[in-house]
Each structure stands twice: as C-alpha cells, then as structure tokens.
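The primary structure of each chain is shown beneath.
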Amino acid sequence: MTEHVSFLLLGIGNGAVFAALALALVVTYRSSGVLNFATGALALHAAYTYAFLRQGQLLNPIPPFASTIGIGGSLSMLPALVLTLLIEGLVGVLLYAVVFRPLRNAVPAAKAVASLGLAAVLTAMITQQAGSNQVLVGQIFPTTIYSIGSIHVAANRLWIAVTVVAVALGFAALYRFTPFGLATRAASESEVGALVSGVSPDRVALVNWALSAMVAGLAGVLIAPLTPLVPGTYTLFIVPALAAAVLGRMSALTPAVLGGLAIGMLRAEVVHLRGTYSFMPRAGAEELVPLVLVLLVLVVSGRPLPTRGMLVQATLGRAPRPRSVWLPALGGAAAGTIGLLTLEGSIRGALIYTFISAVIALSLVVVTGYAGQISLAQLTLAGVAGFSLTGMTTSWGIPFPIAPLLAAVVATAIGVVVGLPALRIRGLLVAIVTLTLAVALEAVWFRNSDFSGGANGARVVSPKLFGIDFSVGSGVAYPRRAFGFLCLAVLVAVAVGVAKLRKSSLGSAMLAVRADERSAAATGISVVRVKLLAFGIAAFIAGIGGCLIAYQQTTVTFQSYSALGGLDLFTTTYLAGITSVAGGVVAGIIAASGLVFTLVDRAIDFGQWFSIISGIGLIVTVMKNPEGLVGPLHLLIDKRRRARAVSHTGDPEESPAASAAAGEPGGEPPVVAAAGPAPPGGLGPALLAVNEVSVTYGGVKAVDQLSFEVPEGAIVGLIGPNGAGKTTAMDALCGFAKSTGTVSLGGRRLHGLKPHQRARMGLGRTFQGIDLYDDLSVAENVVVGQFAGTRKALRVLRGHDYAQVDRVLGDLGLQDRRDDPVRDLSQGQRQLVSVARALVSRPQLLLLDEPAGGLDTRESQWLAGRLRDVRAAGTTILLIDHDMGLVLNLCDLIYVVDFGELIASGTPSEVRASARVAEAYLGAARSEEVST
C-alpha cells in the first residue's frame, strides 16, 4: 500500500503543472469563449524565457533576428521568474488584441482553430530560435526527500503542488470577492447584460488573457526543472490539462485544479502498475488516464440532444453543393496524370504524397465540414489502418486490394467507437475527446514495440494485382509511376464519392445536424445514425489514406501517424477549406511534404518557416474567410451563376410570388376574413389526444397535467402569456422534453419514441427561432424535411425528391427563391421555408411555434392565407403565436394555458369573452376594467 501512496505522491508535481494549465484554460474560456490549444505553447515560451534569463539572455522568439539579447548578467531565480511572468502577461494581451478580439463574434470552433494555428506558430518560432536540443534548467525548489514511515515524496514536487494550489486559491478569491471577479462573472453569463451594467467585456477579457498567460507561464517554469525542455513535450501537456479543465466543465476553478492533480498522480500510479503487472501494456498506459476521465465525465453527463437554449447557432462556413462532379474529376485526373508523367524524383514523390494527404483531408471534409464534428483523430485513424495492414499482409498473407479494404474497415470500427461520445456531446468537447484518444492510441499502440514492430517499424508487403506491381519502388526507381497512378485513382474515387455524398440525402442530413440537432430531429433525421455514419465514412476514407502511407513508406512507424501530425493536418485542411471537396484537394497540395512545400523548399530552405507561415495563414484565414482558401472561388462561381440566372429569367425578387411572400408591395396576399372558416363538416374526430402531460424542471412544473385534443382537419391555437409553458408543451409532444402522461396521434401512442421517430409518425414541427440551415439553399432546407417520411434506415442513402419540393415551394410562393441561400431571405420568406420543410414530409399534424413572429400585418395576412391552403390540402395545424389577430381570425378552436395549466378553451369568440383569459394576459385589475 505504501508503494502506491509513494507513486501517487511522485506524480503530484506533474499533476500540479496540469492543474495550472487547466486553470489557465478555464480562465481564458470563461472570459472570451476560447478553448486555447496554445496554452502549452505559452508554457513552452515561458520556460525558454526563464531558462535564458538565468543565463543572462533574453529570448527573442521572432525569426530571423538574433535568438537572444544580452541583458548584462544572469538573473537569480526570483527576478527571472517575475520578469518571465510579466513578459508572458504582455504576450497574452498581445494575442487577445491581435487575434482573438477580432474573433469575439466568431463561432467557438473558429476560435479554437485559430488557437491551434497560434500553437503551431509559437512552437515553430521557439524551435527556430532556440533549437530542438534539450535545455537543462536549475531547480527552483529543494530536492530533498520527505519521509513519513515508508512513504517518500520529493520536496520539489510537493512545493510545486503547494504553489499551484496557492495560486488557484488566489484566483478563486479574486473572482469571488473583488469587483473584477464580479465583472468577469457578469461578462461570462451575458455580454449584453454586462454592457448594460457598464462593464466592458473587452477589458475584462483582456485582463483575463494576461492572467491566463501568466498562469500558463508559471506552469512552464515550474515543470522545466523536472522535464527536459523540448518543444514537442510541452505541446502535448495540453491533453491532460484539457481533461482536467473538462472535469471543471470549463468554468469551475476548483474541480479543474483538483482534476489536474489527480491526473498527474494517477498517471504515476499507472506507470507503477505497468511495471508490476505483466498484462498491462509496456508503453503508453498512463495516457489512457485523461481519456478515461474525459469519457466518464462527458458521456455520463451529456445529452443525446441539446436542450432548448443550449445549442449555439454556429457555422464552419458554407458547404457548397457541387453542380458538376465528373467534369472536375476528369480535369483533376488529367492534371495528376500529366504531373506523374512529367515530374521526376522527389518532386514526383511530393506529388504522390499530395494525393495521399488529400485523401485523408477529405475524411475531415466529411466528419467536420459536413457533419460538424471536430475530429482531431483522423491521422490516428489512418495509422490504425496502416498498422493493421502490416499484420494482414505479412502474417495473414491477405492480398491487395482486399488487405487495405479490410484495414480501412478496422479503422471504420475504431472511428465509430470514436464517434460514440459525440452522441451525447458536441462542439469543442468532441475535439477534446478525439485529441485525447489520438494521444492514447499513439502511446499504447503506435509507440508500443509489442504491437508496432519496434524501432525499425513494421513491414508491409508491396501491392500487386493481376501481375502488375504497384509498389513505390526503391533506389533510382523511387517513386514508381505505377504507385502514383494508384494513389491518383484512389483520390479521384474518394473525391467523387465525397462530392456525391454532399448531393445526397445523407449529405443534407449531415449539414442539418451540423446546423441544429433539435431541428434536424424534428424533421425526422436520426441524429445518432447520421453522426455515426459520418464518423464511419470518414474513418474508412482516412483508413484508405493510411494504407497508402504504409505502402509509400514500406515500413510503418509512429512518426507517420502522430497526434501532432493530426493537428497539423486539421489546421491545413481548415486553412484550405474544410467544407468542400476542393478544399480537401487543396489541403493535400499545401500539406507539409506535399507539392507546394517541396517546390518552395527547393528554392528556399524552409526549416521551421513552413509551420510559421501556415500557422499565420490559418489565423488570418479564420479571421477573414471561414471557408478557407477556396472560399473566394466558391463566391465567384455563385456570383456568376446568379448573374446568368438573372440574365435569363430576370430578377427573381421582382416576381409577384416573391414580393407577396416577403409582404412587399407588388404582391397580392389574400384578404383575411373576420373569422376563419371551420373545416368542412365541422370539427372532425380527435387526431391528437394529450392526456395529463406534465414537464418538470428541477422543482418547477413548466407544464402541469395538461389535457386537450386537436380535431382532424382543424386549425387549433395554443396561446398564453410569456412563460406560460406553451413551447415546453410542444417540446413534450415532440419528444424533446421528458414528460409524464400520454400523447396519441391518430390513435397511436407516442410515449417513449424519440423525436425523429415521432416525426416519421406524422408529426411535423417548426421552431420559435425558425431554425433554418443558413448554409443550405431554400430547396436544400426543404428537402431535409423528407426524412420525416423515412420508414427504413437505408432510405437515408437515396436521392432527393425535388419534384415534391418544387410543388411545396410553388404552393407557398417560394419557387423563384429555391436556389438562393436562406440567409438572403426576408423574415416572412424564412417563416414560409420553415413551414415548407415541415410540409414536405406530408405530416398528419403540423405544429407551428410562433410562425408570425417578427412579421408585420401584411406578412401575417399572407401567412394566414397559406396556412388555410395547408389545412385545405388535408394537414391539421396546432399553432402557438402571440399575434392575437392571426390566432382569433384563423383558428377554429383555441386552448389557453397559464403557468403550465389549461385555463380556458373554446371557439375564438368564447376565448375572446373569457374574463380568466383577460386576467392571465392583462392582470386582475385590468381585466375587471375591460369587463366593465
């Protein structure tokens, strides 16, 4: 037992550093919403700065100037430490002002990607200036050993932990008891509220960035005497620090600091257990600790779908729908063929590596660009296939091309496992999970000589098919053109497949999930299935690319598939354009060791300059053009297409239907009668039956024993004051809110069904916030609704029924805008697109949540006419709206709720005359005044 305690205490020093980095991550994230992957690079910069100050030199990290500046003599520990922290605070201020202040309104993913670029730039600059050799730093604390019985602990490690805990307590007091802490909490809760209160969120964030950088710097200085000062090692410190920050939910300081300490101690204990028990892997087991803790916290506490108000409306940039697939494919194949035939030696090898890198980059286009899942493990998944290929070809004798396909299937299986946490988490948390998994796999498998073939790597049998040798060759024959044509053929096939995926129903579903999971589920899309398909397809593509790397290298080593290389691949793909096939291909062209890199390196000795230039380019791209380098090309193509459309058909916005839909002069919306006509034959039998439905949040009942019926063929209103529980009731009907009671549609109970299953039962839904997919055109937004008609899982793979879409758009006066991005529409048109998306599935019952929100009287009249047409076509409607003119003139039956309870029901005239309804809306005194 004492041995275990001793090893736990041995890890407390590293744990304290992880805790300090986690503290810095939380401070930055709370104040500016930035998941700062550059925190480890800031620690690295501080460690080198401190080391050089102790030698009487000031580090100049900016090449090509002199790496150090003499300061007239060496500094002792305390002055060097203070000066280092002050410098690091200035660096933090500079980074916020130059990079993250302009990105304050960007999506969290863009900020995180910018920080990845920043980490690459800082690390490359320091490596360029200080070199990659180890730098030894003198001890800060005494190295004596404290002993309590048979338990021993090094004094320096214990004092590092005490220092970090003291700093954490100081930060806790700062945020708890000072006006600055109050301002920070106010700005993190509501930026608008802080502005109204006279607090500047900019200044708050600026100070917090300075403090965060100083804490990261302290971590770097403290760990320098314990760990040799090498750039790569410090960069990966971010992984356990991220895990610790996740334990604090990226907002709480104490759990993050305690989590960092625990991770360090558990890692040391795992090292001890590894030497004790033979069944444990001989290398990398300690890297599993952050992964296990992250999975336990995130997966257990996550939710399959985000709650109302939880989802951030965000975009990674447009994912343009290809108009042509085969023409670009043939052009690219021709260009690649010419290159293989004309280029020689290392330049041809660079072209081949460009093909391979583009294949793996296209896997990122699928999982991140289309599905919105930020995966930092794609190169690791390529490595899974590469290492699997070695055993299949050498031990099992499986021939080409069966072996690489099976290896890619293995990568697919691991990719689906990687995707499982994404079923309950989303956004940047997925990035954290995938990065920790990449580091763990690299340590446990790729670097483990028991599995990876040792220092010399694992051999791969060269590919041959029908007597044709597709090997890469060696010596003067390297690289052989046959291997190049194999890689080119694979790239063309993958690019065509990814382009076809974007045009398919599944591609639209991925983009819908990327934009809004709740809205996607309401249209009948299985968010779980789409996410897993995205991870699986992307992993298969990455696996194919990993096999090509293995064939190119002939022996597989971990260097080809490192976690740091995976970060570089992600940033390069984002820089090129992660949302399109063209971006994936460009990523291959500009990748390290690709064609552009090699050509420029021939003319100029790049050294570390490639990482610096690409990192700066990434930051600028994120700030100026989130669609990457190919974004301007897409905009130019769209501009020319719109110009051609206008020249052939005239300005679509001038058509009567479009003007009417927008509620503008020139349209002819129907005249609204004083009261909506009842459906033919009076009110029909109950289509929807709601019986004693209740929804509770904490100790508050948002919906309390609510019971009502919606007759078939009717337009029914559900009204009440703000906060009455109307939208919560609708969420309960659709399965988005946990509820008690029963709900039946057409005699079939909906209890226990998921939202997408209820949609497929005939329950259509629009949302209060409209929740359209701004990255898609009008027609693509509407076609997503066809998933609600899906009865079989494989139907997700078939094409769209655009004829039906065109009919619905024509009925709603939107045909002229079918190919326009929905972001270009007026409020009234956006409302109609939302209705069209729900109608295209031919629902039995259409639930509308404030369809007239934001509309003026003319637009509301137009909407009323369209809803009558919808009812006339056979769709029953239940609507929530605050436009009493619309509700009273349109509805056949109205239910009124207040504080989650049903307080009145009846025809519009009966509800209008109800004193209790007037009291709910106007208050008791005012209702008495109205009644008299």
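Rules of the game
- Residues numbered from 1 in each chain as written.
- Predicted model: local features only at pLDDT ≥ 70, side-chain atom pairs only at ≥ 80, totals over all residues.
- Heavy atoms only, no water.
- Helix = DSSP H or I, 4+ residues; strand = E, 2+ residues; numbered from the N terminus.
- Buried < 20%, exposed > 50% of the residue type's maximum accessible area, 1.4 Å probe, protein only.
- Contact = heavy atoms within 4.5 Å.
- Areas by Shrake-Rupley, 256 points an atom, 1.4 Å probe, with all protein chains shown as cover.
- Patch = residues over 30% accessible without salt bridge, like charges linked within 9 Å, V, L, I, M, F, W, Y side chains within 5 Å.
- Salt bridge = Lys/Arg side-chain N within 4 Å of Asp/Glu carboxyl O.
- Axes fitted to C-alpha atoms, helices over the stretch in contact; angles between N-to-C directions.
- Parallel < 35°, antiparallel > 145°, perpendicular 65-115°, else oblique.
- Nonpolar A, V, L, I, M, F, W, Y, C, P; charged D, E, K, R; others polar.
- Polar contact = N/O pair within 3.5 Å; in protein donor to acceptor, adjacent residues only side chain to side chain.
- Phe/Tyr/Trp six-rings, centres within 6.5 Å; stacked < 30°, edge-to-face > 60°.
- Lys NZ or Arg CZ within 6 Å of the ring centre and 35° of its normal.
- Pairing = 2+ DSSP bridges.
- Left-handed = near helix turned anticlockwise from the far one by under 90°.
- pLDDT = per-residue confidence, 0-100.
- Core = buried A, V, L, I, M, F, W, Y, C linked by side-chain atoms within 4.5 Å.

S.K.: When you look at the overall build of the chain in this model, what are you seeing that I'm missing?
M.R.: Counting its secondary structure elements, the chain contains 39 helices and 18 strands. Scored against the burial criterion, the 932 residues of the chain give a buried share of 56%. In the chain, 74% of the contacts between residues at least 6 apart in sequence involve partners at least 24 apart. Element-wise, carbon and sulfur atoms account for 62% of the exposed surface of the chain, whose accessible area totals about 37,000 Å².

S.K.: Where do I start with a nonpolar patch on the surface in this structure?
M.R.: Side chains of Ile589, Val596, Leu599, Val600 and Ile604 sit close together on the surface and give an oily, nonpolar patch of about 370 Å² of accessible area. Ranked by residues supplied to the nonpolar patch, first place goes to helix α26 (residues 595-603) with 3 residues. Here Ile604 lies in the loop between α26 and α27 (609-624). On the basis of relative accessibility, which here comes to 51%, the residue Ile604 falls in the exposed class.

S.K.: Is there a simple way to think about the packing of helix α15 (residues 345-370) against helix α21 (residues 505-515) in this case?
M.R.: A pair of packed helices is captured by two measures, namely the crossing angle of their axes and the spacing between those axes. One can describe the packing of α15 onto α21 by two numbers: an axis separation of 8 Å at closest approach and a directional angle of 50 degrees. One finds that α15 runs oblique with respect to α21. Side by side, α15 and α21 meet where Val366, Thr368, Gly369 and Tyr370 of the first sit next to Met510, Leu511 and Arg514 of the second. Of the residues belonging to the contact of α15 with α21, the class tally is 4 nonpolar, 2 polar and 1 charged.

S.K.: Even after reading the chapter, I still don't get the side chain of Thr436, so can you show me in this structure?
M.R.: Examined against the element boundaries, Thr436 turns out to sit in helix α18 (residues 428-446). Taking relative accessible area as the criterion, Thr436 reaches 1% and is therefore assigned buried. Engagement of the side chain of Thr436 in a polar contact is seen with the backbone oxygen of Val433, the distance being 2.7 Å. The contacts of Thr436, once residues within four sequence positions are left out, are Val239 and Leu291.

S.K.: What's the story with the packing of aromatic side chains in this structure? I'm lost.
M.R.: Working definition: an aromatic ring pair is given by the centre-to-centre distance plus the angle between the planes. Summed over the entire model, instances satisfying the criterion amount to 16 aromatic pairs. Taken together, a centroid distance of 6.0 Å and an interplanar angle of 65 degrees make the contact between Phe18 and Phe237 edge-to-face. Within this pair, whereas Phe18 is found in helix α2 (residues 12-32), its partner Phe237 is found in the loop between α10 (231-236) and α11 (238-247), the two being separated by 219 residues in sequence. For the pair formed by Phe18 and Phe237, the shared burial category is buried. One aromatic cluster in this structure is built from Phe387, Trp445, Phe446 and Tyr561. Taking NZ or CZ as reference, Arg30 lies 4.8 Å from the ring centre of Tyr175, over its face.

S.K.: Got a minute to help me understand unusual backbone geometry in this structure?
M.R.: Keep in mind that most residues, glycine aside, have a negative phi and that most peptide bonds are trans. Residue Pro64 is reached from Pro63 by a cis peptide bond, and omega for that bond is 10 degrees. As for its placement among the helices and strands, Pro64 is situated in the loop between β1 (57-59) and β2 (68-70). Residue Pro401 is reached from Phe400 by a cis peptide bond, and omega for that bond is 5 degrees. The topology assignment puts Pro401 in the loop between α16 (378-394) and α17 (402-419). Here the phi dihedral of Thr554 falls at roughly 65 degrees; this positive angle occurs in a residue that is not glycine. Take Thr554: it is sitting in the loop between α23 (527-553) and β8 (555-556).

S.K.: Explanation requested: the pairing of strand β11 (residues 715-719) in the structure shown.
M.R.: In regular strands, side chains alternate between the two faces of the sheet. Within β11, 5 of the 5 residues are buried, which leaves it mostly tucked inside the rest of the structure. By the alternation rule, side chains of β11 split into Ile715, Gly717 and Ile719 and Val716 and Leu718, which are all buried. Alignment of β11 against strand β16 (residues 876-880), held across 3 bridges, turns out to be parallel. Each residue of the ladder has a partner; that of Val716, found in β16, is Leu878. Two elements, β11 and strand β17 (residues 893-898), share 4 bridges in a ladder whose sense is parallel. Directly across from Val716, in β17, lies its bridge partner Leu893.

S.K.: Please explain the pattern of salt bridges as it appears in this structure.
M.R.: This structure, assessed with the given rule, holds 19 salt bridges. Between Glu517 and Lys531 there is a salt bridge; the shortest N-O distance is 3.0 Å. Within this pair, whereas Glu517 is found in helix α22 (residues 517-522), its partner Lys531 is found in helix α23, the two being separated by 14 residues in sequence. Take Glu517: its relative accessible area is 3%, and that puts it in the buried class. Residue Arg518 is joined to Asp731 by a salt bridge in which the shortest nitrogen-to-oxygen separation is 3.4 Å. In this pair, Arg518 sits in helix α22 while Asp731 sits in helix α30 (residues 726-734), placing the two residues 213 residues apart along the sequence.

S.K.: Hey, could you run me through the sheet that holds strand β13 (residues 748-749) in this one?
M.R.: Strand pairing in a sheet relies on backbone hydrogen bonds, with the paired strands running either antiparallel or parallel. On the basis of which strands lie adjacent, the open sheet formed by 4 strands has the order β10-β9-β12-β13 and antiparallel pairing. Among the strands making up the open sheet, the edge pair consists of β10 (700-711) and β13. Summarising the sheet, strand β9 (residues 686-697) and β10 pair through 8 bridges and their orientation is antiparallel. Within the sheet, the bridge partner assigned to Val693 lies in β10 and is Leu706. Across the sheet, α30 touches β9, β10 and β12 (740-745), and the angle it forms with β9 is around 115 degrees.

S.K.: I tried to follow the packing of helix α1 (residues 2-10) against helix α12 (residues 253-276) on my own but got confused; where do I start?
M.R.: The N-to-C vectors of α1 and α12 enclose an angle of 135 degrees; their axes lie 7 Å apart at closest approach. What the angle tells us is that α1 and α12 run oblique. Classified by chirality, the crossing of α12 by α1 is right-handed. Across the interface between the two elements, Glu3, His4, Phe7, Leu8 and Leu10 from α1 touch Met265, Leu266, Ala268, Glu269, His272 and Leu273 from α12. The residue makeup of the contact of α1 with α12, split by class, is 7 nonpolar, 2 polar and 2 charged.

S.K.: When you look at the pairing of strand β4 (residues 151-154) in this model, what are you seeing that I'm missing?
M.R.: Examined bridge by bridge, strand β3 (residues 145-148) and β4 share 4 bridges and lie antiparallel to one another. Directly across from Tyr146, in β4, lies its bridge partner Val153. Between β3 and β4, which pair antiparallel one after the other, the connecting turn spans 2 residues, and Gly149 there sits at a positive phi close to 65 degrees.

S.K.: Teacher, can you tell me more about the confidence of the model for the chain here?
M.R.: Reading predicted coordinates in detail is not appropriate for stretches of low pLDDT. Per-residue confidence for the chain averages 83 on the pLDDT scale, and 88% of its residues sit at or above 70. Counting interchain partners and residues more than four positions distant, the pLDDT-below-50 stretch residues 789-797 has 12 contacts. Segment residues 924-932 is flagged for pLDDT under 50; beyond a separation of four residues in sequence, or across chains, it makes 5 contacts in the model.

S.K.: Would you mind showing me how to read helix α25 (residues 581-590) here?
M.R.: For α25, the full list of buried residues reads Val581, Gly583, Gly584, Ala587, Gly588 and Ile590. Considering only its buried residues, α25 is in contact with α15, α20 (481-503), α24 (563-576), α26 and α27.

S.K.: Explain the nonpolar core here, please?
M.R.: When a protein is soluble and globular, its nonpolar side chains tend to lie buried together. Grouped together as the largest cluster of nonpolar side chains are 241 residues, with contacts concentrated most on Leu688 and Leu878. No other element matches the 16 residues that α15 contributes to this core. Excluding residues within four positions of it along the chain, Leu878 makes contact with Leu688, Phe708, Val710, Val716, Gly717, Leu718, Met730, Leu733, Leu845, Leu846, Leu847 and Leu848. One finds Val805, Leu809, Val833 and Leu886 within the second-largest nonpolar core, a separate group that totals 44 residues.

S.K.: Teacher, can you tell me more about the environment of Leu569 here?
M.R.: Here Leu569 is to be found in helix α24. Overall, the relative accessible area of 13% leaves Leu569 in the buried class. Each C-alpha atom of the pair Leu569 and Ala358 lies 9.8 Å from the other, and the pair is 211 residues apart in sequence. Excluding anything up to four places from it in sequence, Leu569 contacts Ser357, Ile360, Leu364 and Leu379.

S.K.: How should the sheet that holds β16 be read in this particular structure?
M.R.: Across the sheet, which stays open at both edges, the 6 strands sit in the order β14-β15-β16-β11-β17-β18 with mixed pairing between neighbours. Sheet topology places β14 (763-765) and β18 (901-906) at the edges, where each strand pairs with a single neighbour. The sheet shows a mean angle of 20 degrees between the axes of neighbouring strands, taken without regard to direction. Where helix α35 (residues 857-872) meets the sheet, its contacts fall on β11, β15 (845-849) and β16, and the angle it forms with β16 comes to roughly 145 degrees.

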